[in-house]
Amino acid sequence: MKPFVYDLTWEGWQQWMKENGLPSFRAGQIFDWLYVKRVESFEAMTNLPKALREKLEEEFQFVTLKEIAQQKSKDGTVKFLFELGDKHAIETVIMKHSYGNSVCVTTQVGCRIGCTFCASTLGGLKRNLAPGEIVAQIVKAQQLLDAVGERVSSIVIMGIGEPFENYDAMMTFLRIMTHNKGLNIGQRHITVSTSGIVPHIYRFADEETQICLAISIHAPNDALRSKLMPVNRRYPFADLIEACKYYVNKTGRRLTFEYALMGGVNDQPEHAEELAQVLQEIPLCHVNLIPVNHVVERKFVRTPREDIFAFQRILEKHKINTTIRREQGSDIAAACGQLRAKHLETSKR
Ligand code: SF4
């Protein structure tokens, strides 16, 4: 299969030109057509010689993201189900905030991590996305926003899949997104979220980027976390906390912990106290409490509002900065993987 045009970084295009005996400024022209003018064919790259356009056509392909479903929430969130060239379906979400448009991207078709509260993992992992297929989600979102004169201002890698299980593609995607000759999204406006793949937390800390990291912790101890997230059996809680400490010390950046509150499971005052104790060890951190989304195939129920506030008060009593995630798109099955799961179910019938 031919590589995607969006697979190559700026440096990758420079290298390709060199290997093909072409001047390096052509790389800049291609980057401009792809990410500034956002054209979708080689034919449209009118300042490139015909021979070069033909060579590109022979060697690369554009990503086809066919929209198969779209859901719009009252709060402006738009969720897309896209079909890839091989018919697999992925989700991409555009969220409207007061500070701009944030896009949540998918990095894998399905997921093998098996978090018990998540719809994305129900059918297991089908395959990793190529870097270009992750990039295409942002280009598509930007094309849609172009129509209303707006731009993608931030990115969260929190869609379907565990990004650290597709590490190299994720890093290539980040390099393309943040390049100043392309979409030029600020590194501090990008967040990568992991379920806790410990070796890659160390690796990511050593990348020396300004990109934000979020850890899906969801439990305050080893036993409960193993029940909710099988990944904890492979990378135990204590090892995860050690890796988090390394990340903060190495980068000097604040780490976010995502904690999905599940009624009667991990949302009791004693859980908040235990979590506060654990996080005392991490000097720069922040907890984002997420009222769990209801997933039909799963049994979890929502924590009552007053209990969410009580949980927050306990963490704050221990001087842990805590926010409650604003619910977005709750009227449109906005939890990760729900739209895709529904689609898979329908296509089986
Ligand atoms: S929460 Fe993320 S890591 Fe866990 S199963 Fe779902 S997609 Fe995979």
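Residues numbered from 1 in each chain as written. Predicted model: local features only at pLDDT ≥ 70, side-chain atom pairs only at ≥ 80, totals over all residues.

- For the chain, an unreviewed UniProt entry supplies the name Probable dual-specificity RNA methyltransferase RlmN and the organism Paenibacillus residui.
- Its UniProt record gives the chain a comment under Subcellular location (unreviewed entry), which states: "Cytoplasm". (UniProt positions renumbered as here; feature names shortened; annotations may be inferred.)

**Describing the packing of helix H4 (residues 131-146) against helix H5 (residues 167-178)**
Working note: a packed helix pair is described by the angle between its axes plus the distance between those axes.
Then comes step 1: The geometry of H4 relative to H5 is characterised by a closest axis approach of 8 Å and an angle of 40° between their N-to-C directions. Here H4 lies oblique to H5, going by the angle between them. For the pair H4 and H5, the sense of crossing is right-handed. Listed contacts from H5 to Pro131, Ile134, Val135 and Ile138 of H4 are Ala169, Thr172, Phe173, Ile176 and Met177.
Then comes step 2: Across the contact of H4 with H5, the residue classes tally to 8 nonpolar, 1 polar and no charged. (Axes fitted to C-alpha atoms, helices over the stretch in contact; angles between N-to-C directions. Helix = DSSP H or I, 4+ residues; strand = E, 2+ residues; numbered from the N terminus. Parallel < 35°, antiparallel > 145°, perpendicular 65-115°, else oblique. Left-handed = near helix turned anticlockwise from the far one by under 90°. Contact = placed C-beta atoms within 7 Å. Nonpolar A, V, L, I, M, F, W, Y, C, P; charged D, E, K, R; others polar.)

**Side note on the site of the ligand**
Then comes step 1: Neighbouring residues of the ligand: 12 residues in total, closest Cys111, Ile113, Cys115, Cys118 and Thr121.
Then comes step 2: Among the residues making up the shell around the ligand, the classes are represented as 6 nonpolar, 5 polar and 1 charged. (Near = placed C-beta within 6 Å.)

**Looking at helix H6 (residues 198-205)**
Then comes step 1: Taken residue by residue, H6 has Val198, Ile201, Phe204 and Ala205 as its buried positions. Projected onto a plane normal to the axis of H6, the buried residues spread over an arc of 115° and lie on a single side.
Then comes step 2: Buried residues in H6 make contact with strand E8 (190-194), strand E9 (212-216) and helix H9 (237-251). (Buried ≥ 20, exposed ≤ 12 C-beta atoms within 10 Å, placed from the backbone. Arc of directions from axis to C-beta.)

**Section: the domain arrangement of the chain**
Then comes step 1: In terms of domain boundaries, the chain breaks down into domain 1 (5-59) and domain 2 (66-348).
Then comes step 2: One C-alpha centre belongs to domain 1, the other to domain 2, and the line joining them spans 33 Å.
Then comes step 3: Contact residues are listed per partner, giving 9 residues for domain 1 and 15 residues for domain 2.
Then comes step 4: Ranked by residue count, the leading element in the side of domain 1 that touches domain 2 is helix H2 (residues 25-36), at 3 residues. (Domains from an automatic or database assignment.)

**Some points on the nonpolar core**
Where a protein is soluble and globular, its nonpolar side chains tend to be buried together.
Then comes step 1: Formed by 85 residues in total, the largest nonpolar core has its most connected members in Val103, Ile138, Ile155 and Met177.
Then comes step 2: Mapping this core onto the domain boundaries places at least three of its residues in each of domain 1 (5-59) and domain 2 (66-348).
Then comes step 3: Setting aside anything within four residues of it in sequence, one finds Val103 in contact with Thr92, Val93, Ile94, Ile138, Ala141, Val152 and Ile155. (Core = buried A, V, L, I, M, F, W, Y, C linked by C-beta atoms within 7 Å.)

**Regarding the UniProt feature "binding site: S-adenosyl-L-methionine" (unreviewed entry) in the chain**
Then comes step 1: Under the feature "binding site: S-adenosyl-L-methionine" (unreviewed entry), the UniProt entry names Gly161, Glu162, Ser193, Ser216, Ile217, His218 and Asn293.
Then comes step 2: Relative to the elements of secondary structure, Ser216 occurs in strand E9.
Then comes step 3: Ser216 has contacts with Ser193, Thr194, Ser195, Gly196 and Glu258, leaving out every residue within four places of it along the chain.
Then comes step 4: Its place among the elements puts His218 in the loop between E9 and helix H7 (222-228).
Then comes step 5: Each residue touching His218, except ones within four places of it in the same chain, is listed here: Arg225, Leu228, Met229, Tyr259, Ala260 and Asn266.

**Some thoughts on the sheet that holds strand E3 (residues 89-97)**
Then comes step 1: Ordered in space as E1-E2-E3-E4-E7-E8-E9-E10-E11-E12, the 10 strands form an open sheet in which the pairing is mixed. Looking at the sheet topology across the chains shown, the edges are occupied by strand E1 (66-72) and strand E12 (321-324). Within this sheet the neighbouring strands show an average axis-to-axis angle of 25°, counted without direction.
Then comes step 2: Note that E8 and E9 share 4 bridges and pair parallel. Paired with Thr191 across the bridge in E9 is Cys212. (Pairing = 2+ DSSP bridges.)

**Examining the pairing of E8**
Then comes step 1: Of all 5 residues that make up E8, 4 are buried, and the element is covered over most of its length.
Then comes step 2: Bridge count between strand E7 (residues 152-157) and E8: 3 bridges; the pairing is parallel. The residue of E8 that forms the bridge with Ile157 is Val192.
Then comes step 3: Read from E7 through H5 to E8, the crossover connection turns out right-handed.
Then comes step 4: Each parallel crossover has a hand, and for E8 linked through H6 to E9 it is right-handed. (Right-handed = clockwise from strand over helix to strand, strands pointing away.)

**Considerations on H5**
Note that an α-helix has 3.6 residues per turn; residues three or four places apart therefore point the same way.
Then comes step 1: Over its 12 residues, H5 extends 17 Å from the first C-alpha to the last, a length consistent with the 16 Å expected when each residue adds 1.5 Å.
Then comes step 2: Residues of H5 that are buried: Ala169, Met170, Thr172, Phe173, Leu174, Ile176, Met177 and Thr178.
Then comes step 3: Each element contacted by the buried residues of H5 is listed here: strand E6 (125-128), H4, E7 and E8. (Expected span 1.5 Å × (residues − 1).)

**Let's talk about the packing of helix H1 (residues 10-19) against H2**
Then comes step 1: For the pair H1 and H2, interaxial distance at closest approach is 8 Å and the crossing angle is 135°. With respect to their mutual orientation, H1 and H2 come out oblique. The two elements H1 and H2 meet at a crossing, and its hand is right-handed. Here H1 contributes Trp10, Trp13, Gln14 and Met17 to the contact with H2, which in turn contributes Arg26, Ala27, Ile30 and Phe31.
Then comes step 2: When its residues are assigned to classes, the contact of H1 with H2 shows 6 nonpolar, 1 polar and 1 charged.

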